[in-house]
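Per-entry structural report
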Amino acid sequence: MSILYVDHEINNLNSFKATFRRDAKIYLAKSTEEGFKILDEHKIDVIFADHQMPEMTGLEFLKLASDQYPASMRVLLTGNAYTDEFRWAAGKGYFHSYVNKPWDEQQLRTLMVSRLY
């Protein structure tokens, strides 16, 4: 399994990779631009994107990814409450699930495993 995690906070990226490096091939991107470059170059099974990023929101990133890479499972990571905007976007298929930050390791593992089936 291959996973892309997009977040502008380096500590979050490092923590994610340290936690899941034995479970999957992990790709990290500190910007959405880097994220799209990785998506163009590698087959990615699961995309995790932080919602609060400087150049575009995680929701905007996942919407574009859903159009260009529809086979990837997309997960929004957010410190915000689940909003009507998130409900609307989930209904449109822009992302499959959302996880509150700070993320729970077991919840992320469950999502990854669900992708295998």
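Here is a short report on the structure shown in this document. (Residues numbered from 1 in each chain as written. Predicted model: local features only at pLDDT ≥ 70, side-chain atom pairs only at ≥ 80, totals over all residues. Heavy atoms only, no water.)

**Structural notes on the nonpolar core**
Within the largest apolar cluster, 21 residues are counted, with the highest numbers of intra-cluster contacts made by Leu4, Leu39, Ile47 and Phe61. Among the elements of the structure, β1 (2–6), β2 (25–29), α2 (32–41), β3 (46–50), α3 (58–68) and α4 (84–91) are those that each provide at least two residues to this core. The residues contacting Leu39, other than those within four sequence positions of it, are Leu4, Ile44, Ile47, Phe61, Ala65 and Tyr69. Listed in part, the 17 residues of the second largest apolar core include Ile26, Phe48, Val99 and Trp103. (Core = buried A, V, L, I, M, F, W, Y, C linked by side-chain atoms within 4.5 Å. Buried < 20%, exposed > 50% of the residue type's maximum accessible area, 1.4 Å probe, protein only. Helix = DSSP H or I, 4+ residues; strand = E, 2+ residues; numbered from the N terminus. Contact = heavy atoms within 4.5 Å.)

**Considering the sheet that holds strand β4 (residues 73–78)**
If you walk across this open sheet you meet the five strands as β2-β1-β3-β4-β5, and the pairing is parallel. Strands at the two margins of the open sheet, each flanked by one partner only, are β2 and β5 (97–100). When strand polarity is set aside, the average angle formed by the axes of neighbouring strands in this sheet is 20°. In this structure, β1 lies alongside β3, joined through four bridges in parallel fashion. Looking across to β3, one finds that Val6 is bridged to Ala49. The strands that helix α1 (residues 10–20) touches are β1, β2 and β3; relative to β2, the one it contacts most, it runs at about 180°. (Pairing = 2+ DSSP bridges. Axes fitted to C-alpha atoms, helices over the stretch in contact; angles between N-to-C directions.)

It is worth stressing that arrangement in space is one thing and function is another; only the former is reported here.
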